[in-house]
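The chain contents come next:
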Amino acid sequence: LLWLQKLVAVLHRVGSAVDHLFLLNHILRCPAGVSKWAAPFVKISVFDNPSGIFLFMQALALLLSPIKHRPEFLINMKPSDKKSPPAMPEGKDIQNWTLVDEAGEEDEDPDTSWLLLSEDDLVTLLSQFPFDELFKQLLGITVKGEYKPENTTCDQMMKIIGFASSLVDLLAVGLETFNRVRYRQFVKRIGQMIRRTVCYISDHWAQYVTFHKEHGIRMNHQFYSLEKLQVEFDELFLRAVLHVLKAKRLGIWLFMSEMPFETLSIDMIWKLFYILHCAESENIEGLCARLHFNECKDKLKDPEHKQMFEKCLSNITNSEGICLLTTFAHMTQPKQGNVDQEFVKTVALEIYEVAYVSLCTRENFSKVGRELLATISTVHPDIISILLDRIRETIEKVGMVSLYLFKELPLHQWKISSTEMDVIREWLLNYNLSTVENKLACIILEGLNWGLDEQQSTLALDPCLHTEVALMVLEVYQKYLTDKPYSGFISESIKQVSYLANVVRLNQTPEALFNHWAWELVVRLKLHNNHSCNDEGWPPINNAFTAPEMNESPTLHPLSKAVRAGIPIGCYLALSITSIGHSVDKFCSEGIPLLGVLVQSKHLKAVVHVLDKILPLFYPCQYYLLKNEQFIICLQLFLQTDSGVLQGVTQQVTQKVAQHLTGISYGENIKLLNSMIQTHVSESNKPGRVGAAAVLEFWILVLTSQQLWHRDKSVLFLMDSLCKVAFLHQQEDCLQKPLYQLHKTALGYHGDRGLLTSFMSWMLAGNITPSFIEGSATSTEVWFSWMIFNMEAIFEEDSQLRRYVELELISKPSVTPDQALRKAQSHLKFPVVPSIQRLMIYRWAHQALATPADHPLLPLIWQKFFFLYLHRPGPEFGLPVSGCIGKRYFHSTSHSNLLKEMKKRLVEIADFHHAASKAVKIQKNMDHTDNTSTLNESTGICLPESMTSPELHKELLRLFHVFAFWLDDMNLQRTDLYLPSLPVQYDTHRLAKVMQNQQDLWTEYVDSERIKHEFHETLNLWTQLHYEPFTTYRTSSVNNLFDSLLAKDRILNNLKTHDVPVPTVSLQYMKAPVPDIVETSLSDKKVAIKLIQQNLNILRQQAKIAAQWEHQQIGLDSELLGTLPKLYSNREEQITMKLECRGSSLNHVCQGAAKVSVKCKELYENNAIKQQLDALTEEIKQLQNYVARPPPQNIAEAAVHVENFITALVNAFKQHHTETFQKVGIALFYEIVSFVCDETQRHPPTRQFFTSCIEILGQVFLSCAKTESKTVLKKVLQNRRLCNLLSPYFTPNISPDEFVSLYEEVVKVLHTDSGDVIFMLLTKFDLMLWMNSTKPIMSERTRLLEIIHMALTLCGFQPVEEVQMAFNIFCKHWMYVLQYQFPDHYSGFLRLLMQSSSEQRLNP
């Protein structure tokens, strides 16, 4: 594969389009699995390629057409699955699977299917086609992404449509070629590409049309008119649909439902609609050729045709049927021109008939039909009227299924007419509660939008219709439920779900369901003039609206009758519709009893709705209601009922059981009331309103009007919310004033003896001073505690209690706070003796401990504590400034422990803010806040959208660190404290303000964002209930194709979703494994030697490793041979043998076999030795396997590199014959010789390599070097192992001047141990040639004669065998010298011979 990638990379770079097609052709004829390796081989580029589109289409045709002669290319291949299967365990049968299509027929021949490409192969190859580039080129989008469809001319538009037609036809070839089950996903990709092609052209065509129409461009001077282009586009669309219809049972009909039908003409829409009805027809193309859209309309109305279509739907698969119906629904989307209402009606009724009326199809298509009709109705709400009329005709056939249909329809967008309301009225009044008609009427009325329209400006439906529906519901209620009173408790026990969800419950009676539905509907109706459905909010008091009188209007007769009968729903409607709920006087006289009926019947949600409408009338004149005892009792009963405080054990048990069964918790309506109150506070702050103070004062007086209100959890919940909203609107004074008066009354400052008696009895029982905060502090109603403690602090200041307590403490250091408090009480003559626990310094301390760490008021609570703790009294009493008074309050054991807890709490709070500062803040628009984003009451942890900013957490962290320093450092209590000397951590600026008793609150540390968020969350609870929270204006799922900006963005976005082709094979520049020889290195001896050394070191190291392996192998073999004889030994054993009698004798009876003991030696195998041998054998195998591995690549690279260098050097020398190259060659010769060692000679590869290198260098460079003979001789004499290597290059005859001295060097080393080396060297001296060629002088010849004589004498009188051969050479050379120019050396010869003979050194 690697070499193939290299070749393809080269071909991609230099090849033409034909070469690319050549590659694709061969890939298509490879065995299956090309997706794993061949994708990068397919390269098709459109941009910057003149023939890019031509190449794209040709390559696509090759891929999608049948592959010719593929079996012939694979004739030598065999399927891998034809191998014999492995043996299966007994009892298990081999299961052979056969691939079949949806009709149950075998999809392909198993014997030849292995020849086919796999689906992954085709998908991968198709992904290599850059369709995004193709469409960009087609639509005129530049490489940089610039797209200007307005520049398209009519000629270009026609070309675009024509090319798209060719592309669609080519893709259709793929649908036909791969029309088999195994290619289902690939066929879907082809279908998707057909859809995308049509969508691109459709969007471009839409922009073209829009631009020409908006700019009024006349087409007269252009060759193609808009009408002609529209016809061509319609035909393109038709061809695409026909191609998709042909691909049956492959799952691509889904893409037909996603086609952009919006850009088609009305005529083509009708034609396509009819063609889709005939999808199963055999001659569908011929049918298209002769059809006219008027004929299509007529045939679609034919009942016989409808029956055939229903039969066709029942025969095709469910998925294809769903796609077909979905296509019908999408065809009804708005077109460029006017909507064809007749077509929309036809499609809607067609889907309705198929999904609900036809017996053969409704079981399969009822659910999808419901969804499609809802989609159509969302765009065309008038269709609901047509469906209602059709359901009225077929309701007996449809039955209960119609309920699900109308529950899904967008009824909130429907404008119901009077005729349709008459049908609803008939169903409600003339059919009993258990019938389908009655239930369908309930669902329709429930689904209508009784709130604001889409512009949020006016009511979606006529206000008169609201009143009409309310009175109609009352009539039905009186007709069916008059004798069956259903309290609000039972009604609210049904979960807040839709009417249809309650209908399917089998455990609910029709009466109970209707009662629940009626109440849920009437509270949604906008019946009161103050329905707050526009920006004006509360109407002015003197507005011109006149509410009808209940007893004067004939239409209100059922209402009057219901009020007289005490029916709760009638009481609610009377308060909402008539003048009773619109007049202050009439409400006080007639309305409050009706409100009491609602409370007593436990319709508490309705009570909240009534209060929401009526209370704005009374805020300017509160005394009407505050002095009305009956109204106060009604509200108190409301709070008691919703909080579970009911009269009678039976009622309590009943409600608790119902709560457990229904999942409704106590106080749901109290939360609703709280949301309504805060909404009123917000509304009252608008210009021209009564103001928030009036609303707050009213509710504080109402809530505190009952006895022991401060123990009622419901009241405390409302009071806490009131205090929070008062803090937010800076209206705390309007709450503190009434609470201040109540507090003074409780302490006996006023004449209300009832309240005083209650608190006195509380005190006599051993309790502490009464307060509206039970216990030391509260962790739940923190806002209420803040208000109460501030009020009590004001009372403590006004009564001068704290002033006299501090005076006693600074005047007498030994006085305890308890003693100081008693003296202050006796001096001030309080009617009630105050408790020490009620001093504000302790109250603030306990509240600081109890408040959650993330509460917004916590910094202010600690600030209030430090105002008292770090207070420096004195000047106000005419005394000098003393130290802080705070330490005097915490001398006792209990109070010192409280101080320790506070220090610990400050550390915990600092840790909390440190961790919270690491969080990430999530911004969210308050206008879109979901009602689920509420505060967790148990933990106080807010959800992310109301998270405190990390910056504020960091500021709070610094603040609480400052508080910790203030509380820990006792030096702050000293009189001589000098503030500027304190470190920065003490924040001396704020510390000075605290010690100077500057009461300005540090509101910058209050998380106002969270307070506002919680306030808006509370408002949303009421707002979403009041403004139809479930009403959502759904928009069509189909985009507006004729919006040019949307179409342009859609094209650009869709182009980004195409598959990105796998990158093609990149051209890899190959690095030669052996570096090239640099010419300059051939003439640089140092560089050449360094290069040779690097490579020869590698070779020598490998030789040494081979030598180690050899020694290791020899050692293992020796150990094996030494251990093997020890494996067996003879061991003497005694064996008992039995000898039986073989003869018979009459006189002797055989007594049995004789037992004979025999001693022998048996073969014994030593197990320890065997294990040792096995280990040795295994070690030898491992060594042999290791040695048998191929050598490292660097060995071959080093050898080749040296060989290349020598070759280059030899060639350079032969070409130039310069002395420089010769010197480098000679240096390399000696360098290589220096690397020869025993290891290199023992290792055959290195021995052969070194020998060949020395031979080449010697023959080329040393054979003609006259000065190197002496050096070669020296190398040989130093290392005799080199004799065989170097002796061929020792040629003393080429150095005639050194001939004698060289001969002398050889003679000097003559020894018995070097006889063979001397002999070989002597053979290199050709004396006859030297003397004949050089004509040496007499003295030089004489010297040579003497040297030879010395050599003879060194051989000895009787030469040993080792030097015998050298002796013979010396004798021959002596004779050569004697014979040369005889008798010049005769006398000298005799003299030397006689002398050595006489000395017995030479044998004559």
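Predicted model only: the values in this text are computed from it and were never measured. (Residues numbered from 1 in each chain as written. Predicted model: local features only at pLDDT ≥ 70, side-chain atom pairs only at ≥ 80, totals over all residues. Heavy atoms only, no water.)

Draft legend 1. Seen up close, the overall build of the protein. Tallying secondary structure elements over the protein gives 61 helices and two strands in all. Burial analysis of the protein (1404 residues in total) assigns 49% to the buried set. For the protein, the proportion of contacts with a sequence separation of at least 24, taken over those separated by at least 6, is 75%. Of the roughly 69,700 Å² of accessible surface on the protein, 53% is carried by carbon and sulfur atoms. (Helix = DSSP H or I, 4+ residues; strand = E, 2+ residues; numbered from the N terminus. Buried < 20%, exposed > 50% of the residue type's maximum accessible area, 1.4 Å probe, protein only. Contact = heavy atoms within 4.5 Å. Areas by Shrake-Rupley, 256 points an atom, 1.4 Å probe, with all protein chains shown as cover.)

Draft legend 2. Broad picture of the packing of aromatic side chains. Evaluated as defined, the whole model comprises 48 aromatic pairs. For the pair Phe 178 and Tyr 183, a centre-to-centre distance of 5.2 Å together with 85 degrees between the ring planes defines the contact as edge-to-face. On the basis of relative accessible area, Tyr 183 is assigned to the buried category, the value being 4%. Judged by centre distance (5.3 Å) and plane angle (55 degrees), the rings of Phe 237 and Phe 261 are tilted. Within this pair, whereas Phe 237 is found in helix H9 (residues 226-246), its partner Phe 261 is found in the loop between helix H10 (253-256) and helix H11 (266-277), the two being separated by 24 residues in sequence. Comparing Phe 237 with Phe 261 shows no difference in burial state: the two are buried. Among the aromatic side chains, those forming a connected cluster through ring pairs are Tyr 842, Trp 862, Phe 865, Phe 866, Tyr 869, Tyr 889, Phe 890, Phe 960, Phe 963, Trp 966 and Trp 1002. Above the ring of Trp 1002, the side-chain terminus of Arg 990 is found at 5.0 Å from the ring centroid. Seen from the ring of Tyr 1164, Arg 1131 lies directly overhead, with NZ or CZ sitting 3.6 Å from the centre. (Phe/Tyr/Trp six-rings, centres within 6.5 Å; stacked < 30°, edge-to-face > 60°. Lys NZ or Arg CZ within 6 Å of the ring centre and 35° of its normal.)

Draft legend 3. Unusual backbone geometry, seen in detail. Phi angles above zero are rare outside glycine, and Asp 48 is one such case at about 55 degrees. Tracing the backbone through its elements, the reader meets Asp 48 in the loop between helix H2 (17-28) and helix H3 (52-64). Assessed through its relative accessible area of 78%, Asp 48 is described here as exposed. The residue Leu 708 is not glycine, and still its phi comes out positive at about 50 degrees. Looking at the element boundaries, Leu 708 is found in the loop between helix H34 (692-703) and helix H35 (713-728). By relative accessible area, Leu 708 is classed as partly exposed at 38%.

Draft legend 4. Structural context of the pattern of salt bridges. Taken as a whole and assessed by the stated rule, the structure comprises 28 salt bridges. Measuring nitrogen to oxygen at the nearest pair gives 2.9 Å for the salt bridge that ties Arg 1050 to Asp 203. With Arg 1050 in helix H47 (residues 1044-1055) and Asp 203 in helix H8 (residues 184-214), this residue pair connects regions lying 847 residues apart in the sequence. As far as the burial class goes, Arg 1050 and Asp 203 line up, both buried. Residues Glu 1014 and Arg 1010 are paired through a salt bridge, measuring 2.8 Å at the closest nitrogen-oxygen approach. Here Glu 1014 and its partner Arg 1010 are both found in helix H46 (residues 1008-1026), four residues apart, which amounts to about one turn of the helix. Overall, the relative accessible area of 7% leaves Glu 1014 in the buried class. Salt bridges here are not isolated pairs; linked through shared partners, they connect Lys 724, Asp 854, Arg 1010 and Glu 1014. (Salt bridge = Lys/Arg side-chain N within 4 Å of Asp/Glu carboxyl O.)

Draft legend 5. Just H35, in detail. Counted at 1.5 Å a residue, the expected span for H35 with its 16 residues is 22 Å, and the 23 Å between its end C-alpha atoms agrees. In terms of burial, H35 is largely enclosed, as 13 of its 16 residues are buried. Between the side-chain oxygen at the start of H35 and the backbone nitrogen of Ser 714 there is a gap of 2.9 Å, and the oxygen is on Asp 712. Remark: Gln 730 follows H35 within two positions and exhibits a positive phi of approximately 55 degrees. (Expected span 1.5 Å × (residues − 1). Polar contact = N/O pair within 3.5 Å; in protein donor to acceptor, adjacent residues only side chain to side chain.)

Draft legend 6. Local environment of the nonpolar core. Counting 311 residues, the largest nonpolar core has Phe 406, Leu 445, Trp 699, Trp 862, Phe 865 and Trp 966 as the members making the most contacts within it. Ranked by residues supplied to this core, first place goes to helix H7 (residues 154-177) with 12 residues. Here Phe 406 is in contact with Ile 384, Leu 387, Leu 388, Ile 391, Leu 411, Leu 440, Ile 443 and Ile 444, once residues within four sequence places are set aside. (Core = buried A, V, L, I, M, F, W, Y, C linked by side-chain atoms within 4.5 Å.)

Draft legend 7. Region of the structure containing the side chain of Ser 402. One can find Ser 402 in helix H19 (residues 401-408). Ignoring anything within four residues of it in the chain, the contact list for Ser 402 reads Ile 391, Val 436 and Leu 440.

Draft legend 8. Spotlight on the packing of H7 against H9. Where H7 meets H9, the axes come as close as 10 Å, and the angle between the chain directions of the two elements is 10 degrees. What the angle tells us is that H7 and H9 run roughly parallel. Side by side, H7 and H9 meet where Cys 154, Met 157, Met 158, Ile 161, Ala 164, Ser 165, Val 168, Asp 169, Ala 172 and Leu 175 of the first sit next to Lys 228, Leu 229, Glu 232, Phe 233, Leu 236, Arg 239, Ala 240 and His 243 of the second. Of the residues contributing to the contact of H7 with H9, the split by class is 12 nonpolar, two polar and four charged. (Axes fitted to C-alpha atoms, helices over the stretch in contact; angles between N-to-C directions. Parallel < 35°, antiparallel > 145°, perpendicular 65-115°, else oblique. Nonpolar A, V, L, I, M, F, W, Y, C, P; charged D, E, K, R; others polar.)

Draft legend 9. Fine view of helix H16 (residues 341-357). Taking 1.5 Å of rise per residue, the 17 residues of H16 would be expected to cover 24 Å, and the 22 Å separating its terminal C-alpha atoms lies within 8% of that figure. Where burial is concerned, most of H16 is hidden: 12 out of the 17 residues are buried. Considering only its buried residues, H16 is in contact with H11, helix H14 (303-315), helix H15 (318-330), helix H17 (362-379), helix H18 (383-398) and H19.

Draft legend 10. Region of interest: the side chain of Thr 578. Residue position: Thr 578 is located in the loop between helix H27 (568-577) and helix H28 (584-600). Excluding residues within four positions of it along the chain, Thr 578 makes contact with Ala 547, Pro 548, Met 550, Leu 556, Leu 559 and Leu 573.

Draft legend 11. Summary view of the state of the cysteines. Enumeration over the complete set of coordinates arrives at zero disulfides. Between Cys 588, a free cysteine, and Cys 621, which holds the nearest cysteine sulfur, the sulfur-to-sulfur gap is 7.8 Å. Looking at Cys 621, the relative accessible area reads 14%, which means it is buried. (Disulfide = S-S within 2.5 Å.)

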